[in-house]
Amino acid sequence: MPPKPKYDYIIAGGGCAGLSLLMHMLAESSFRDCSILLIEKDAKQSNDRTWCYWEKGDGLFDSIVHAKWNKAWFHSNGYSALKNLHPYQYKMIRGLDFYRHCHQCIERFPNVSIVRESVVDMGQTPGGAYVQTDVDRYECSVVFNSIQLHPPVVSSDQYMLLQHFKGWIIETDAPAFNPNEPILMDFRVDQHAGTTFVYVMPLSDRRALVEYTLFTKELLNDQAYEAGLERYVKEQLQLSQYTVVEREFGIIPMTNYRFSPGEGNIAQLGTMGGQTKPSSGYTFRFIQKHSAAIVQALKQGKHPLIKRPAMDARFFWYDSVLLHLLHKEKMAGARIFSLLFKRNPIDRLFSFLDNESTLLQEAILLNTLPQWPFMKAGWEELTKPTRN
Ligand SMILES: Cc1cc2nc3c(=O)[nH]c(=O)nc-3n(C[C@H](O)[C@H](O)[C@H](O)COP(=O)(O)OP(=O)(O)OC[C@H]3O[C@@H](n4cnc5c(N)ncnc54)[C@H](O)[C@@H]3O)c2cc1C
């Protein structure tokens, strides 16, 4: 029997991070001679999520952007504003469009193989790594993994909030939405369960995604999300006649647990690689930046296990401070986000949330927030023993 091929790269998990990395690789001619194996257990034929993110200029996935906006509303009790998002655009990609687009592109590359198998284990080999599935064992030089094989164990002094949301796509017979004006955050909803807001992404004048979102320690029962959505659509959108044509539910961990970037010849990607912003849950753009950095490292002949940049510690501290305040219920999320949106231009706020702001921008932004609770939480986070 001929020996089994050893791949250059194995991508374990073909969701957002695995497929993004592969697309970034295939956009470069230097990877077309590499043998790449993608291992994914699902067919990825359902629209299991919708990604929204802000971006300056064009992105690799612009051809499948379902909708994009140049301005957006922010609402809370006492403050409402239609924000011009320039130089950013807020973009939306449907999961199914993303999976199809990536697979159609990958089909054109004979150097990429795909197996639909379930990964059960992976580890190092001398000079490389292996992945064991329910069917076979595969070897390669480097594994890029976005699969959670072991759940993170969050210690008692780290925070774990859940960003959980239920969304409806609703349709109306008569025009009901301004397709140019999404609502990024609307805090004019009951806050008794914790930080709660709704966002509304209009897809036409008669169709919109309405998402009821919470940052809390516990999930709600399904009726509570449904009731929240119903109330919002009736009271804020003032709609009584509409049809719910799609539903989605999701949970994103918001934690300052330090996800490992990987070890040896196994590099971690996506949520498992710490690409979810702890204080916002946004992940899509961080995955794109991480994918681009990996490709850059590989092209330069460097090891693709990207070390956290030094400035990352600063942003991780900001994230921990915000999680601290929300987790310990020292300040309401509605108040924090209202002040951030009210007192900061979008450019400063988005670059801060993207971990791309300068120290000066951060000093100005932090000055727009109540000093005492932030300083106290900041000091407590700073003086905690460093973990992992
Ligand atoms: C409903 C929802 C909506 C979201 N919306 C946004 C948003 O608007 N903006 C944003 O920035 N972020 C959003 N996120 C957060 C984040 O962008 C997504 O979770 C993103 O999909 C994370 O990418 P990933 O590759 O780490 O995980 P996934 O996309 O979940 O990919 C992991 C892949 O591994 C596969 N897999 C798992 N176990 C195995 C196994 N044992 N063997 C083989 N394959 C396996 C899975 O089938 C999956 O395809 C959202 C998350 C959810 C859940």
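The structure contained in this document is the topic of the report that follows.

## Details of the overall build of the chain
Next up, step 1: Helices and strands together make up the secondary structure of the chain, namely nine helices and 18 strands.
Next up, step 2: Its C-alpha atoms give the chain a radius of gyration of 22 Å, near enough to 21 Å, the size a compact globule of 388 residues would have.
Next up, step 3: Summarising its shape, the C-alpha atoms of the chain cover approximately 70 × 55 × 40 Å along the three principal directions.
Next up, step 4: Sorting the 388 residues of the chain into buried and exposed places 39% on the buried side.
Next up, step 5: In the chain, once contacts between residues fewer than 6 apart in sequence are set aside, the share between residues at least 24 apart is 71%.

## Section: the site of the ligand
Next up, step 1: Looking at the ligand, there are 27 residues lining it, with Gly13, Gly15, Ala17, Gly250 and Gly270 nearest.
Next up, step 2: Mapped onto the shell around the ligand, the elements with two or more residues apiece are α1 (16–26), β3 (50–56) and β16 (243–255).
Next up, step 3: When the residues that make up the shell around the ligand are grouped by side-chain class, the tally is twelve nonpolar, ten polar and five charged.
Next up, step 4: Each of two domains, domain 1 (7–44 + 94–151 + 259–299) and domain 2 (160–255), supplies a minimum of three residues to the shell around the ligand.

## Description of the sheet that holds β3
Next up, step 1: The three strands are arranged β3-β7-β4 in an open sheet whose pairing can be described as antiparallel. Each of the sheet's edge strands pairs with one partner strand only, and the pair in question is β3 and β4 (67–69). Geometrically, the sheet is characterised by an average inter-axis angle of 20° between neighbouring strands, direction not taken into account.
Next up, step 2: Inspection of the sheet shows β3 paired to strand β7 (residues 88–94) by seven bridges, in the antiparallel sense. In the sheet register, Cys52 faces β7, and the bridge partner there is Met92.
Next up, step 3: The sheet strands contacting helix α2 (residues 95–106) are β3 and β7, and the helix crosses β7 at an angle near 80°.

## Thoughts on the packing of helix α7 (residues 346–353) against helix α8 (residues 359–366)
For any two helices packed against each other, the geometry is given by the interaxial angle and the distance between the axes.
Next up, step 1: It is the contact of α7 with α8, at a shortest axis distance of 10 Å, that shows an interaxial angle of 110°. Compared by their axis directions, α7 and α8 come out roughly perpendicular. Note on element contacts: α8 touches α7 through Gln361, Glu362, Ile364 and Leu365, opposite Arg348, Ser351 and Phe352.
Next up, step 2: Residues that form the contact of α7 with α8 fall into these classes: three nonpolar, two polar and two charged.

## Quick look at the sheet that holds β16
Next up, step 1: Spatial ordering of the open sheet is given by β6-β5-β13-β14-β15-β12-β16, a layout of seven strands whose pairing is mixed. Both outer strands of the open sheet, β6 (79–84) and β16, are each paired with one neighbouring strand and no more. Taking each pair of neighbouring strands and ignoring which way they run, the sheet shows an average axis angle of 15°.
Next up, step 2: As judged from the two bridges shared by strand β13 (residues 183–186) and strand β14 (residues 195–204), these two strands associate in the antiparallel manner. Residue Ile183 lies in a different strand from β14, and its bridge partner there is Val200.
Next up, step 3: The sheet contacts of helix α3 (residues 222–235) involve β12 (160–171), β14 and β15 (207–216), and relative to β15 the element is tilted by about 130°.

What counts and what doesn't
Residues numbered from 1 in each chain as written. Predicted model: local features only at pLDDT ≥ 70, side-chain atom pairs only at ≥ 80, totals over all residues. Helix = DSSP H or I, 4+ residues; strand = E, 2+ residues; numbered from the N terminus. Rg over C-alpha atoms; globule rule 2.2 N^0.38 Å. Buried ≥ 20, exposed ≤ 12 C-beta atoms within 10 Å, placed from the backbone. Contact = placed C-beta atoms within 7 Å. Near = placed C-beta within 6 Å. Nonpolar A, V, L, I, M, F, W, Y, C, P; charged D, E, K, R; others polar. Domains from an automatic or database assignment. Pairing = 2+ DSSP bridges. Axes fitted to C-alpha atoms, helices over the stretch in contact; angles between N-to-C directions. Parallel < 35°, antiparallel > 145°, perpendicular 65-115°, else oblique.

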